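Descriptive analysis of the structure
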Amino acid sequence: MEHPENSEAYKGLVVNAGIEQPSSVNPYLKNRPKRKKRELSVAEFVEGIVKGNVTVLSQAVTLVESVKPEHQVVAQEVIEKCLPYSGNSVRVGISGVPGAGKSTSIDVFGLHVLEKYGGKLAVLAIDPSSERSKGSILGDKTRMEKLSVHPKSFIRPSPSAGSLGGVARKTRETIVLCEAAGFDKIFVETVGVGQSETAVHSMVDFFLLIQLAGTGDELQGIKRGIMEMADGIVINKADGDNLERAKLAATQFRNALHLFPAPESGWTPQVLTYSGFYNLGVKEVWEMVYRYIDFVKENGYFEYRRNEQSKYWMYESINEQLRDSFYHNPQIEAMLAEKERQVLQGNLTSFVAAKNLLDTYFAELKH
Ligand code: GDP
């Protein structure tokens, strides 16, 4: 073989040609017939879900989240068939700004309720930022280390596609599927920054707001609307050096709550301190939640609120689908940018532009 080291100058060892190594890929793999995963029928989905099969449940949730129309058709049928099996649960919304300790707390809360009250727990999320960041922050399994490996828990990150309304609707539909699968405790997590609270509030029985002790002016930063929605406010990280400040914050929150009108439920929102990290005061937080549930079941508000929520979601669905149909109409899509430009340039008033667009849309519908 020709090789520089085989020249006379390097007498001694001989360099031989190498041998070809066999491929590490199984050569027959290509020829194997591809096994396409068979899609389940509606009946199979429902049967699997009602039996509590978590794999089937996950697949159904994926369909609910899918934007493909053919998936939506199946998803809607599955939801409808699951509806009679749903409703038997306690739904708790958990909100707090990033860093408030939601993941740490949900891990501890989840283990606590499963141990103390039994049953099964589903943790869902509504993350309005997930569309932008192209990935969900909330509900990520790795953030809830213990709960994610607990046999009685099901953790699902926030659906990521679409508007907040769309994301929230999917979470609401997922609640139905989870309940049909026997999950009798549902946590819905959201970032406490605004609109998403309203969406969560409209699908839970109890709205828990996680707060931190701040510098004394913390009340200013909190949107009044969010506090008004809360059935319970809990100050996290009440541990170590922070304990006194947390207690002080609790007093301030209690005082602030007095200024709000009495909630429809007849329940006086409570303020507690706890530490998710050190598992202090967690028992009391859940005693409060269950005390509330007993209270509103007794006075009829529980049923009332769930009915109101169903009504709300009917209108939300209508609004969302109308909006979708309008903005995805090819004629409208073609006109929209131009109309917007005319409005910005002052050549057309907003109202005339809107009327032109709507007239076009309605005329199109008639064809
Ligand atoms: P999230 O963004 O709301 O989900 O907050 P995380 O659960 O990720 O918590 C944010 C940070 O606060 C983490 O570094 C936690 O370790 C810390 N943390 C959470 N709960 C507590 C607590 O009860 N006490 C203390 N001291 N730190 C906590």
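Residues numbered from 1 in each chain as written. Predicted model: local features only at pLDDT ≥ 70, side-chain atom pairs only at ≥ 80, totals over all residues. Heavy atoms only, no water.

Backbone-to-backbone hydrogen bonds pair the strands of a sheet. The strands run either parallel or antiparallel. Strand order across the open sheet formed by seven strands is β3-β2-β4-β1-β5-β6-β7, with parallel pairing between neighbours. Pairing within the sheet leaves two strands with one partner each, and these edge strands are β3 (153-155) and β7 (270-273). Neighbour to neighbour, the strand axes of the sheet diverge by 20° on average, direction disregarded. Bridging between strand β2 (residues 121-126) and strand β4 (residues 185-191) involves six bridges; their strand directions are parallel. (Pairing = 2+ DSSP bridges. Helix = DSSP H or I, 4+ residues; strand = E, 2+ residues; numbered from the N terminus. Axes fitted to C-alpha atoms, helices over the stretch in contact; angles between N-to-C directions.)

The next point concerns the site of the ligand. Around the ligand, the structure places 15 residues, and the nearest of them are K102, S103, T104, K237 and D239. At a separation of 2.5 Å, an oxygen atom of the ligand approaches a polar side-chain atom of S103. Residue D239 places a side-chain N or O atom 2.6 Å away from a nitrogen atom belonging to the ligand. Counting residues per element, the shell around the ligand draws most heavily on helix α4 (residues 102-117), which supplies three residues. (Near = heavy atom within 4 Å. Polar contact = N/O pair within 3.5 Å; in protein donor to acceptor, adjacent residues only side chain to side chain.)

Take the pairing of β2 next. With six of its six residues buried, β2 lies for the most part within the structure. Across the two faces of β2 the burial is the same, with L121, V123 and A125 and A122, L124 and I126 all buried. In terms of strand pairing, β2 meets β3 through three bridges, oriented parallel. By the bridge assignment, L121 is partnered in β3 with S153. (Buried < 20%, exposed > 50% of the residue type's maximum accessible area, 1.4 Å probe, protein only.)

Summed over the entire model, instances satisfying the criterion amount to 13 salt bridges. Of the charged contacts in the structure, one is a salt bridge between K51 and E47, with a shortest N-O distance of 2.8 Å. Judged by relative accessible area, E47 falls into the partly exposed class, the value being 46%. Ionic pairing is found between K81 and E77, a salt bridge with its closest N-O pair at 3.8 Å. Of this pair, K81 and E77 both sit in helix α3 (residues 69-82), four residues apart, roughly one helical turn. Overall, K81 belongs to the partly exposed group, its relative accessible area being 44%. (Salt bridge = Lys/Arg side-chain N within 4 Å of Asp/Glu carboxyl O.)

Turning to the packing of helix α12 (residues 282-299) against helix α13 (residues 301-327), a few remarks are in order. Remark: α12 packs on α13, axes separated minimally by 5 Å, with the N-to-C direction vectors making an angle of 85°. Relative to α13, α12 is oriented roughly perpendicular. Between α12 and α13, the contacting residues are Y292, I293, V296, K297 and N299 on the first element and Y301, F302 and R305 on the second. Partitioning the contact of α12 with α13 into residue classes produces five nonpolar, one polar and two charged. (Parallel < 35°, antiparallel > 145°, perpendicular 65-115°, else oblique. Contact = heavy atoms within 4.5 Å. Nonpolar A, V, L, I, M, F, W, Y, C, P; charged D, E, K, R; others polar.)

What follows deals with the pairing of strand β1 (residues 90-96). Within β1, seven of the seven residues are buried, leaving the element largely enclosed by the surrounding structure. In β1, alternate side chains face the same way, and those of V90, V92, I94 and G96 on one face and R91, G93 and S95 on the other are all buried. Note: β1 against β4, seven bridges, orientation parallel. From the neighbouring strand, G96 faces β4, where its bridge partner is V191.

Moving on, we get to α3. If you check α3, its first and last C-alpha atoms are 20 Å apart, about what 14 residues at 1.5 Å a residue would give, namely 20 Å. Those residues of α3 not exposed but buried are H71, Q72, A75, V78, I79 and C82. Down the axis, α3 shows its buried residues gathered within 130° of arc, on one side only. Away from the buried face of α3 by more than 90 degrees, exposed residues P69, V73 and E80 are located. In this structure, the buried residues of α3 make contact with α1 (42-50), α2 (54-65) and α7 (164-180). (Expected span 1.5 Å × (residues − 1). Arc of directions from axis to C-beta.)

Keep in mind that these numbers describe shape and distance, not what the molecule does.
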